[in-house]
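# A structural walkthrough
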Amino acid sequence: MDDEVQLRLTMLREDVMRSCAGLATVTTSEAPGMRFVDVAPIAPGALGFHWIEFWSDSDAVEALQVQAGRHGGRWELGAAVEDVEFIWELARAVVAGHVVETFGPGRSRADVTLLSGEFVSETGYDTGRGWLPDPGWLRRGRRVAYSAYRR
């Protein structure tokens, strides 16, 4: 199973580099036990994203994390084929401009419509004010609809 996860991650990295060529800068870096993939779009108003692969001492993928938003939009995942597929689907949605992020004091929520039509969202908080309750912030918050990488 782990070989399949590693194969899918390699395919994901290659697909993102190919599909974002000329539209974004894709960088890959490594640190002990981790690989980082960062995608920074060229188009103004588009949202970047990144994921981290966490590796064990035996070079097996232990966990994955993907971020597509400022505070919100961070999903902490396992290390199954389905988790890699989720990152792939999320990446396609971000590149297509299917993300709306709502900002409040020290927090944001990223709402993503995957190309399959499925809707996923995740809320994240900054330190300080983000830890304090703020009922109704989603209603009052500033909404940003991100652009697609292609114009």
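In this convention, every chain numbers its residues from 1, walking through the sequence in written order. Since the coordinates come from a predicted model, pLDDT governs what is reported: local features require at least 70, and pairs of side-chain atoms require 80 or more to be given and counted, while whole-chain, interface and lining totals use all residues. Side-chain calculation: all heavy atoms of the structure are included, whereas hydrogens and water are not.

Pairing is antiparallel across the open sheet formed by five strands, whose spatial order is E1-E2-E3-E4-E5. What marks the edges here is a single partner per strand, and that holds for strand E1 (24-31) and strand E5 (74-77). Ignoring which end each strand starts from, the neighbouring axes of this sheet average 10° apart. The criterion for strand pairing is that DSSP finds at least two bridges linking the strands in question. In DSSP terms, a helix is any run of H or I states spanning at least four residues, a strand is any run of E spanning at least two, and both are numbered starting from the N terminus. As judged from the six bridges shared by strand E2 (residues 34-41) and strand E3 (residues 49-55), these two strands associate in the antiparallel manner. Its bridge partner lying in E3, phenylalanine 36 is registered against isoleucine 52. Note on contacts: a residue pair is in contact if any heavy atoms of the two residues lie within 4.5 Å. Only the stretch in contact is used when fitting a helix axis, every axis being a line fitted to C-alpha atoms; angles between N-to-C directions are given from 0 to 180 degrees. Relative to E3, helix H1 (residues 2-19) is tilted by about 155°, and along the sheet it contacts E1, E2, E3 and strand E4 (61-67). Contacting E3, E4 and E5, helix H2 (residues 81-96) crosses the sheet at an angle of about 20° to E4.

With that settled, consider the packing of H1 against H2. Where H1 meets H2, the closest approach of the two axes is 9 Å, and the angle between their N-to-C directions is 10°. It follows that H1 is roughly parallel to H2 by the angle criterion. Where H1 abuts H2, its residues Glu4, Val5, Arg8, Leu9, Met11, Leu12 and Asp15 lie against Val81, Val84, Glu85, Ile87, Trp88 and Arg92. In this count, Pro and Cys sit with the nonpolar residues alongside Ala, Val, Leu, Ile, Met, Phe, Trp and Tyr, while Asp, Glu, Lys and Arg are called charged and the others, Gly among them, polar. Its residues assigned to classes, the contact of H1 with H2 comprises eight nonpolar, no polar and five charged. An angle below 35 degrees is treated as roughly parallel, one above 145 as roughly antiparallel, one from 65 to 115 as roughly perpendicular, and anything else as oblique.

Now for the confidence of the model for the chain. The predicted coordinates of low-pLDDT regions are not to be read in fine detail. Summarising the model, the chain shows a mean pLDDT of 94, and 99% of its residues fall at 70 or more. Of all helices and strands in the chain, the one with the weakest mean pLDDT is H1 (94), whereas strand E9 (residues 142-145) scores best (98). The predictor attaches a confidence to each residue, called pLDDT, with possible values from 0 through 100.

On to the sheet that holds strand E7 (residues 107-113). Ordered in space as E8-E7-E6-E9, the four strands form an open sheet in which the pairing is antiparallel. Strands at the two margins of the open sheet, each flanked by one partner only, are strand E8 (119-125) and E9. With direction set aside, neighbouring strand axes in the sheet form an average angle of 15°. Sitting on the sheet, H2 touches strand E6 (99-104), E7 and E8, and the angle it makes with E7 is about 95°.

This paragraph deals with the packing of aromatic side chains. Both the distance between ring centres and the angle between the ring planes are used here to describe each pair of aromatic rings. Only centres within 6.5 Å qualify two rings of Phe, Tyr or Trp (six-membered ring in Trp) as a pair; their planes then separate them into stacked at under 30 degrees, edge-to-face at over 60, and tilted for everything else. Scanning the entire structure with this criterion turns up two aromatic pairs. Consider the rings of phenylalanine 49 and tryptophan 51, whose centres lie 6.4 Å apart with planes at 15°: the pair is stacked. Across this residue pair, the class does not change: phenylalanine 49 and tryptophan 51 are buried. Consider the rings of tryptophan 75 and phenylalanine 86, whose centres lie 5.6 Å apart with planes at 65°: the pair is edge-to-face. Residue tryptophan 75 is found in strand E5, and its partner phenylalanine 86 is found in helix H2; the two are separated by eleven residues along the sequence. With a 1.4 Å probe rolled over the protein chains alone, any residue whose accessible area is under 20% of its type maximum counts as buried; one over 50% counts as exposed, and the rest are partly exposed.

Among the nonpolar cores identified, the biggest contains 38 residues, and Phe49, Trp51, Leu90 and Tyr149 are the most heavily contacted of them. Mapped by element, the contributors of at least two residues to this core are H1, E2, E3, E4, E5, H2 and E6. Here this core gets ten residues from one element, more than from any other, and that element is H2. Look past the residues within four positions of leucine 90 in its chain and what remains in contact with it is Val66, Ala68, Trp75, Val112, Leu114 and Val120. As used in this record, nonpolar core signifies buried Ala, Val, Leu, Ile, Met, Phe, Trp, Tyr and Cys residues forming a set joined through side-chain atoms within 4.5 Å.

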